[in-house]
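The primary structure of each chain is shown beneath.
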Number of protein chains: 2
Amino acid sequence: MTLSKTNIVHELARRRKSVRKFLDSPVEFEAILSSLETACQAPSGANRQPWRFILVKDPDVKRRVRRACEQGEREFYEQVSGEFREWLLSRGLSWEKPFLESAPILVAVLMDQNAPYARESVWIAIGFALLAFEENGLNSFTYTPSNTDYPRKALNAPEDYKLEAILPIGKSADDRMKEGKLRVHEVTFIDRWGNSLDASMEDIGN
Amino acid sequence: MTLSKTNIVHELARRRKSVRKFLDSPVEFEAILSSLETACQAPSGANRQPWRFILVKDPDVKRRVRRACEQGEREFYEQVSGEFREWLLSRGLSWEKPFLESAPILVAVLMDQNAPYARESVWIAIGFALLAFEENGLNSFTYTPSNTDYPRKALNAPEDYKLEAILPIGKSADDRMKEGKLRVHEVTFIDRWGNSLDASMEDIGN
């Protein structure tokens, strides 16, 4: 076992939390590029690497993206219901997305819709990016706009590319705690659904 | 900049490759659990943590899963065409999935279909897991069965949970090179689609 020496990925994942409020301080552009270079190493269906990134730094473009997203959010919040609505309200979330202007940089993530397993591939790459951002001292959040066409058009991206997420990047000014997480033994079975990990550990002999 | 000290995530991502052939040596069960614990730290829609894992170690279950998957693959390979078919053939891939028996452990990843942004969340978690496997000295591969119902049933998982991927885990016996990857400047624009990173670097002043 080499875990004790090398559990840096676990430590980064454990301490990472979603950050929606940012300090008004600049971020190192190189650190963002380095993190996206990490994302570019993700596996993808037929190695098509269906991810494309737009780094939004210009305040005018950020404002346009925010307006485009909020238009979709207003439409969404009018019709959302049930458990998801309750969760949103409990977190004080609304159609307003100020982080799209307050974050020093937005990373818009677009996906080539014609590539096989495009969505799966892009979200692995986002997973890689989130850990790299954390390692590089950058806080982030995976914002999934309710309507992705509006911000895609605001960024002049072609229709073949779906906007999958916008990652606001910066230094945290968000004192919200990380959401609690289930532990591995609570979400894992052995050999078949329902066969809990705890009950099986003795048999496995490790 | 602290990149030079702390670019471990990048180094793991860079060296990680998809591995489809495995040594016949056992893997440390704790290293797999630790890697999945890392995955459990991923963000998710409404914090619903829609991932569930089944660790398949029993040879009989592995055989059943392989048969279920290959049934779907045979149906798929009969109808696949175009660029994806050419890519599959160029890599020597076929409906046969021997790694589903030869890998010491399979990690079946299931997704609660009723959670918001379930697919996106599960694949971020898979991204976290892939880097943790690499850090823990385990090789892996994201296999996406062509028909996911057959192996889901073979694992007795309920219909509400879609089988998103099977990750065979072990020590590599695969001498295939990692697929070449586009670099970040080849997939990234500034402020709007088409505005290349290289052309913009002088303006940004970093």
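The structure displayed is predicted, hence computed values, not measured ones.

(A) Looking closely at the side chain of Glu164(B). Secondary-structure assignment places Glu164(B) in strand S4 (residues 161–170). A polar contact of 2.8 Å, which involves the side chain of Glu164(B), links it to the side chain of Arg119(B). Polar side-chain contacts of Glu164(B) include one of 2.7 Å to the side chain of Trp123(B). With near-sequence residues (within four places) excluded, Glu164(B) lies in contact with Glu120(A), Val109(B), Leu110(B), Met111(B), Arg119(B), Val122(B), Trp123(B) and Thr144(B).

(B) Highlighting the packing of aromatic side chains. If you walk through the whole model with that rule in mind, you get 12 aromatic pairs over all chains. Ring plane angle 90° and centroid distance 5.4 Å describe the contact between Phe76(B) and Tyr77(B), whose orientation is recorded as edge-to-face. Tyr77(B) carries the same exposure label as Phe76(B), and that label is buried. Put simply, the rings of Phe76(A), Tyr77(A) and Phe84(A) touch in pairs and so form one group of aromatic residues. Over the aromatic face of Trp95(A) sits the side chain of Arg74(A), whose NZ or CZ is 4.8 Å from the ring centroid.

(C) How the structure looks around the sheet that holds S4(B). Strand order across the open sheet formed by five strands is S5(A)-S1(B)-S2(B)-S4(B)-S3(B), with mixed pairing between neighbours. Two strands lie at the open edges of the sheet, namely strand S5 (188–190) of chain A together with strand S3 (139–140) of chain B, each paired on one side alone. In this sheet, strand S2 (residues 105–112) of chain B lies alongside strand S1 (residues 51–56) of chain B in antiparallel orientation, the contact comprising six bridges. Bridge assignment links Trp51(B) to a residue of S2(B), and that residue is Met111(B).

(D) Main features of helix H7 (residues 118–135) of chain A. Residues and elements named next belong to chain A. The end-to-end C-alpha distance of H7 is 26 Å, a good match for the 26 Å that 18 residues give at a rise of 1.5 Å each. The buried fraction of H7 is high, at 17 of 18 residues. Positioned one or two residues after H7, Gly-137 has a phi angle of 80°, which is positive.

(E) Expanded view of the interface of chain B and chain A. The interface of chain B with chain A comprises 85 residues on the first partner and 85 residues on the second. A combined buried area of about 7800 Å² lies between chain B and chain A, and 64% of that area is made up of carbon and sulfur atoms. Interface area lost by chain B to chain A is led by Gln41(B), Asp191(B) and Trp193(B), which between them contribute 11%. Taken together, chain B and chain A are joined by six salt bridges.

Reading guide: rules and limits
Residues numbered from 1 in each chain as written. Chains lettered and ligands numbered in written order. Predicted model: local features only at pLDDT ≥ 70, side-chain atom pairs only at ≥ 80, totals over all residues. Heavy atoms only, no water. Helix = DSSP H or I, 4+ residues; strand = E, 2+ residues; numbered from the N terminus. Polar contact = N/O pair within 3.5 Å; in protein donor to acceptor, adjacent residues only side chain to side chain. Contact = heavy atoms within 4.5 Å. Phe/Tyr/Trp six-rings, centres within 6.5 Å; stacked < 30°, edge-to-face > 60°. Buried < 20%, exposed > 50% of the residue type's maximum accessible area, 1.4 Å probe, protein only. Lys NZ or Arg CZ within 6 Å of the ring centre and 35° of its normal. Pairing = 2+ DSSP bridges. Expected span 1.5 Å × (residues − 1). Buried area = accessible area lost by both parts, 1.4 Å probe. Salt bridge = Lys/Arg side-chain N within 4 Å of Asp/Glu carboxyl O.

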